[in-house]
Amino acid sequence: MATKNLPMREALRQALLEEMRRDERVFVMGEEVGQWQGTHRVTRGFIEEFGEKRVRDTPISEMVIGGAAVGAAMAGLRPVAEFMTINFAFLALDALINHAAKIHYMFDGMFKVPAVFRAATGWGDQATATHSHMPEPIFAHFPGMYVGSPSNSADAYGMLKASIRDENPVLFTESIGLYGRPGPMPEDESGDYVLPIGKGNVVQEGTDVSIFTYARGVEWAKQAARTLSKDGVSVEIVDLRWLRPLDTDIIFESFKKTNRAVIVEESLPMYSFGSELAAQIQENCFDYMDAPIKRVSAADVPLPYSKYLELMALPDEDKVVSAVKEII
């Protein structure tokens, strides 16, 4: 299959375009998705092709966006609702957690909520404490809500298409730091390059230690792996892709091969995804453990505005290398 390089935002745009052309029930909604072409330009040109009926500029109210998307999905449409950034999704928690994630269960399967909630996520670029979150683990805490976070263009394309076609609500987060990063993407004219929900990917095989990560953490893991290879350390990198459903099979298989694990995440360390993953490995693979599980995350502080302090608070290649060396 031929490939071409596309920035992640263009891969997302292509996936969304194809799904809207394929299924007239799919529509997009959110702040500035129409006339302004989307804050991150993912919906550039959409209103010209699909019109205001299927490209809905909404009021500046995430509670309204979330609630309207849930209602539209229950009524048979397939909304793709955009939160400008994940920070604003906190205002829609009731719609997402108390309604989207629970309606199918509470109504004994009579209703479905096939809605996708897209949000730019991640720390950095001096956006300050209130605009620098990566809170996917909060949403993954609740059964009924799928949570995906791609690390590259091809995954963004295939995962978003799968999310739109699925019958369950999906929080689909996109790292701001990866929007402009080009990457190879399958050229599939049929539009059927769809990655299964809940399946991770072994990015790089290794024998000495497994690095489990997702989204921007994959980049730091790759950088660390190149550095460690100079010292003869063989690193296996597992891109989890989905926080829920979590691909425990790929996690346990990798850990049983390397017997050591480092978990890399951009989010905060307390009550975190890394904590959950470490517990899963300890409970299910204890007999295979040759060293303690190490975690690399953002510092347990609101992100500072100072660029120097901001970088100190974030994960990076050096911190991943240090964590691996501690357990090798």
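Residues numbered from 1 in each chain as written. Predicted model: local features only at pLDDT ≥ 70, side-chain atom pairs only at ≥ 80, totals over all residues. Heavy atoms only, no water.

### Comments concerning the sheet that holds strand β11 (residues 235-239)
Here comes step 1: Reading across from one edge, β9-β11-β10-β13-β14 is the order of the 5 strands in this open sheet, with mixed pairing throughout. What marks the edges here is a single partner per strand, and that holds for β9 (201-204) and β14 (294-296). Within the sheet, the average angular offset between the axes of one strand and its neighbour, ignoring direction, is 25°.
Here comes step 2: Taken together, the 5 bridges between strand β10 (residues 209-213) and β11 define a ladder with parallel strand orientation. (Pairing = 2+ DSSP bridges. Helix = DSSP H or I, 4+ residues; strand = E, 2+ residues; numbered from the N terminus. Axes fitted to C-alpha atoms, helices over the stretch in contact; angles between N-to-C directions.)

### Focus: the domain arrangement of the chain
Here comes step 1: Per the domain assignment, the segments of the chain are domain 1 (5-184) and domain 2 (201-327).
Here comes step 2: Contacts between the two partners involve 31 residues from domain 1, matched on the other side by 25 residues from domain 2.
Here comes step 3: Together, the buried faces of domain 1 and domain 2 total about 2,300 Å²; carbon and sulfur atoms form 61% of this surface.
Here comes step 4: By the criterion of area lost to domain 2, the three top residues of domain 1 are W123, Q126 and M134, representing 31% of everything that side buries.
Here comes step 5: D155 is the salt-bridge partner of R241, the closest N and O atoms lying 3.0 Å from each other.
Here comes step 6: For the pair domain 1 and domain 2, the interface holds 13 residue pairs in polar contact (both at pLDDT 80 or more).
Here comes step 7: Only α6 (136-140), β6 (146-148), α7 (153-165) and β7 (170-175) provide two or more residues apiece to the side of domain 1 that touches domain 2.
Here comes step 8: Across the side of domain 1 that touches domain 2, the residue classes break down as 15 nonpolar, 12 polar and 4 charged. (Domains from an automatic or database assignment. Contact = heavy atoms within 4.5 Å. Buried area = accessible area lost by both parts, 1.4 Å probe. Salt bridge = Lys/Arg side-chain N within 4 Å of Asp/Glu carboxyl O. Polar contact = N/O pair within 3.5 Å; in protein donor to acceptor, adjacent residues only side chain to side chain. Nonpolar A, V, L, I, M, F, W, Y, C, P; charged D, E, K, R; others polar.)

### Concerning the pairing of strand β13 (residues 261-264)
Here comes step 1: A two-sided burial pattern is seen for β13, the buried positions comprising A261 and I263 on one face and V262 and V264 on the other.
Here comes step 2: As defined by bridge partners, β10 adjoins β13 across 4 bridges and the pair is classed as parallel. Bridging from a neighbouring strand, T213 pairs with V264 of β13.
Here comes step 3: As defined by bridge partners, β13 adjoins β14 across 3 bridges and the pair is classed as parallel. Residue pairing for β14: V262 is matched across the bridge by K294. (Buried < 20%, exposed > 50% of the residue type's maximum accessible area, 1.4 Å probe, protein only.)

### With respect to the pattern of salt bridges
Here comes step 1: Enumeration according to the criterion identifies 18 salt bridges in this entry.
Here comes step 2: Of the charged contacts in the structure, one is a salt bridge between R118 and E82, with a shortest N-O distance of 3.0 Å. Residue R118 is located in strand β5 (residues 116-121), and its partner E82 is located in strand β4 (residues 78-83); the two are separated by 36 residues in the primary sequence. Accessibility classification places R118 together with E82 in one group, the buried group.
Here comes step 3: Across the pair D231 and K325 runs a salt bridge whose closest N-O atoms are separated by 3.6 Å. Here D231, found in the loop between α8 (217-229) and β11, pairs with K325, found in helix α12 (residues 317-327); they are 94 residues apart in sequence, far enough to count as distant.

### Overview of the packing of aromatic side chains
Here comes step 1: Applying the stated criterion to the full structure yields 5 aromatic pairs.
Here comes step 2: Geometrically, the ring pair formed by Y214 and F273 is edge-to-face, given 5.6 Å between the ring centres and 85° between the ring planes. Here the residue Y214 occupies a position in the loop between β10 and α8, and F273 occupies one in helix α10 (residues 273-285), the gap between them amounting to 59 residues. Judged on exposure class, the residue Y214 and its partner F273 are both buried. (Phe/Tyr/Trp six-rings, centres within 6.5 Å; stacked < 30°, edge-to-face > 60°.)

### Some words on the sheet that holds strand β12 (residues 242-244)
Here comes step 1: Read from one edge to the other, the open sheet built from 7 strands follows the order β3-β2-β4-β5-β7-β6-β12, with strand pairing classed as mixed. Two strands in the sheet have a free side with no partner beyond their single neighbour: β3 (55-57) and β12. Between one strand and the next, the sheet's axes are offset by a mean angle of 20°, whatever the strand orientation.
Here comes step 2: Against the sheet, helix α1 (residues 8-22) contacts β2 (26-30), β3, β4 and β7, and its axis sits at roughly 130° relative to β2.

### Focus on the nonpolar core
Here comes step 1: Among the nonpolar cores identified, the biggest contains 51 residues, and L96, F117, F212 and I281 are the most heavily contacted of them.
Here comes step 2: Mapping this core onto the domain boundaries places at least three of its residues in each of domain 1 (5-184) and domain 2 (201-327).
Here comes step 3: Those residues in contact with L96 that lie beyond four places of it in its chain are G66, F83, A101, F117, F139, M145 and L171.
Here comes step 4: Formed by 33 residues, the second largest nonpolar core is a distinct cluster that contains L6, M159, F172 and M185. (Core = buried A, V, L, I, M, F, W, Y, C linked by side-chain atoms within 4.5 Å.)

### Considering the pairing of β7
Here comes step 1: Within β7, 6 of the 6 residues are buried, which leaves the element mostly enclosed by the surrounding structure.
Here comes step 2: Residues V170, F172 and E174 of β7 are buried on one face, and the alternating residues L171, T173 and S175, pointing to the opposite face, are buried as well.
Here comes step 3: Bridge count for β5 against β7 is 6 bridges, and the pairing is parallel. The residue bridging A120 from the neighbouring strand is E174, located in β7.
Here comes step 4: Pairing of β6 with β7 involves 3 bridges; the strand directions are parallel. Residue G148 lies in a different strand from β7, and its bridge partner there is F172.
Here comes step 5: In this view, the connection linking β6 to its parallel neighbour β7 by way of α7 has right-handed handedness. (Right-handed = clockwise from strand over helix to strand, strands pointing away.)

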